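# Report on the structure
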2 protein chains.
Amino acid sequence: MSGQFERVRQADDDRDRLVCRDCGYVAYENPKIVVGSVVALPDGLGGEAVLLCRRAIEPRRGFWTLPAGYMEMGETVEEGARREAWEEARARIRTEGVLAVYSVSRIGQVQVMFRARLDEPGFEAGPESLEVRAFAWDEIPWDDIAFPTVRWALHAWREGAGYPGPAVLNPPEDARGTRPLPGPALAGGAG
Amino acid sequence: MSGQFERVRQADDDRDRLVCRDCGYVAYENPKIVVGSVVALPDGLGGEAVLLCRRAIEPRRGFWTLPAGYMEMGETVEEGARREAWEEARARIRTEGVLAVYSVSRIGQVQVMFRARLDEPGFEAGPESLEVRAFAWDEIPWDDIAFPTVRWALHAWREGAGYPGPAVLNPPEDARGTRPLPGPALAGGAG
């Protein structure tokens, strides 16, 4: 944020907004939407594996995440999730309903996570990933997961009594999404 | 938006952004999140009624809507839905899961709608409502509903096989939320 912005309470508003000292532009700070998916595929042993991407970018470079990212203008939540799966994992997916809606209030983020499957065979690392792999449940590298919401979404997917099920919200012990994962410090910036 | 902003494609980006000619501030346009709820209460005849608010503000002043509005920074989706129910209908509610996640791509909006119930008796018009009423299903003023997503959410609530159920997305015939309701022209601005 530029240093030219200051926080000002405007008439008829109930909280301060960022206003440019030069031109008066009000930069409303709205929560941002992240769209992503737990992509299931056969593990080759009669069970299911999930796609994870090892991050090529900060924050949490080198840690594993789900294909997910900021929703753009002009797309639907499903289109955003499909775009992110392509950008990060070169995977063509079909979504199968909303798995979870997570709030990360500390950073003003709402994450809409889908259940999904590969719509075409194949996947590989996109530009923001070092590596993309399918993990059977018992192989998931829990100590190297990038963000708490990735862990939540994987468990929600696993615990769901099959699709369709109700969309979950934050786990009760972290209703506001404010607790970082144990282990290496979060570099901030994403869930 | 101020006239000082122009659309510029920046390095490492794949779409134009609004950049201030004076200070270089990039005003990212992100989809905004609306949070709201279908609040159920006894209709006095052994069935259920739902709370609707008659809008005191444009767009669609005088039309009926669900208690819903823009999510603010620092709150969770549930907290936002509860705040809006208080602001618009002076209702204290408890949410009971996600009913629907709607995309209105034309105006860059995602609506997270909850199933909810009154947590305390009583409701009345808040400052943005002319009137708040509980409607039994057969009394809902379908011709005077403010936005398509209100109609969708009411039908999703009615058709749901009871809570908990899977969260729905846009109806297939309007996957991008771009079709206005039949009848008086939409004044734009909200779903």
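Because the structure is a prediction, the values reported are computed rather than measured. (Residues numbered from 1 in each chain as written. Chains lettered and ligands numbered in written order. Predicted model: local features only at pLDDT ≥ 70, side-chain atom pairs only at ≥ 80, totals over all residues. Heavy atoms only, no water.)

### What to know about the pairing of strand β1 (residues 5-9) of chain A
Residue and element names in this part refer to chain A. Sheet topology places β1 next to strand β2 (residues 16-20); 5 bridges connect them, and they run antiparallel. By the bridge assignment, V8 is partnered in β2 with R17. Hairpin geometry of β1 and β2 is characterised by an intervening segment of 6 residues between the two adjacent antiparallel strands and by a positive phi of about 65° at D12. (Pairing = 2+ DSSP bridges. Helix = DSSP H or I, 4+ residues; strand = E, 2+ residues; numbered from the N terminus.)

### Remarks on the UniProt feature "domain: Nudix hydrolase" (unreviewed entry) in chain A
Mapped onto this numbering, the UniProt entry annotates "domain: Nudix hydrolase" (unreviewed entry) at residues 30-159 of chain A. As annotated, residues 30-159 of chain A has a helix share of 19% and a strand share of 42%, and its two end C-alpha atoms lie 32 Å apart. (UniProt positions renumbered as here; feature names shortened; annotations may be inferred.)

### Regarding the sheet that holds strand β1 (residues 5-9) of chain B
Reading across the sheet, the 3 strands line up as β1-β2-β3 (chain B) and stay open at both edges, with antiparallel pairing between neighbours. Only two strands of the sheet have a single neighbouring strand rather than two, namely β1 and β3 (26-27) of chain B.

### Focus on the packing of aromatic side chains
Evaluation of the coordinates by the stated rule reveals 8 aromatic pairs over all chains. Relative to B:W152, the ring of B:Y102 lies with its centre 5.1 Å away and its plane at 70°, an arrangement referred to as edge-to-face. Placement of the pair is B:Y102 in strand β8 (residues 93-104) and B:W152 in helix α2 (residues 148-159), with a sequence separation of 50 residues. Look at B:Y102 and you get buried, because its relative accessible area is 1%. Arranged with centres 5.2 Å apart and planes meeting at 65°, the rings of B:W137 and B:W142 form a pair that is edge-to-face. The exposure class assigned to B:W142 is partly exposed, which follows from its relative accessible area of 22%. Grouping aromatic residues by their ring pairs yields a cluster made of A:W137, A:W142 and A:W157. Between B:R92 and the ring centre of B:W86, over which it is positioned, the NZ or CZ distance is 3.6 Å. (Phe/Tyr/Trp six-rings, centres within 6.5 Å; stacked < 30°, edge-to-face > 60°. Buried < 20%, exposed > 50% of the residue type's maximum accessible area, 1.4 Å probe, protein only. Lys NZ or Arg CZ within 6 Å of the ring centre and 35° of its normal.)

### Some details on the interface of chain A and chain B
In this assembly, 41 residues from chain A lie in contact with 41 residues from chain B. Across the chain A to chain B interface the summed buried area is about 3600 Å²; carbon plus sulfur atoms make up 63%. Inspection of the chain A/chain B interface yields 1 salt bridge. Between A:E72 and B:R17 there is a salt bridge, and its shortest N-O distance comes to 3.2 Å. Among the elements that make up the side of chain A that touches chain B, the one with the highest residue count is helix α1 (residues 77-89) of chain A (5 residues). Per-class residue counts for the side of chain A that touches chain B are 20 nonpolar, 9 polar and 12 charged. (Contact = heavy atoms within 4.5 Å. Buried area = accessible area lost by both parts, 1.4 Å probe. Salt bridge = Lys/Arg side-chain N within 4 Å of Asp/Glu carboxyl O. Nonpolar A, V, L, I, M, F, W, Y, C, P; charged D, E, K, R; others polar.)

### What about the sheet that holds strand β3 (residues 26-27) of chain A?
Residue and element names in this part refer to chain A. Spatially, the 3 strands line up as an open sheet ordered β1-β2-β3, and their pairing is antiparallel. Pairing within the sheet leaves two strands with one partner each, and these edge strands are β1 and β3. Note that β2 and β3 share 2 bridges and pair antiparallel. Bridge pairing in β3 links L18 to A27.

### Some points on the pairing of strand β8 (residues 93-104) of chain A
Residue and element names in this part refer to chain A. With respect to burial, β8 is a largely interior element, 11 of its 12 residues being buried. Pairing geometry for β8 and strand β9 (residues 109-118), over 9 bridges, is antiparallel. Note on β9: the bridge partner recorded for T95 is A116.

### A look at the domain arrangement of chain A
What the domain assignment lists for chain A is domain 1 (1-29) and domain 2 (32-170). One C-alpha centre belongs to domain 1 of chain A, the other to domain 2 of chain A, and the line joining them spans 35 Å. (Domains from an automatic or database assignment.)

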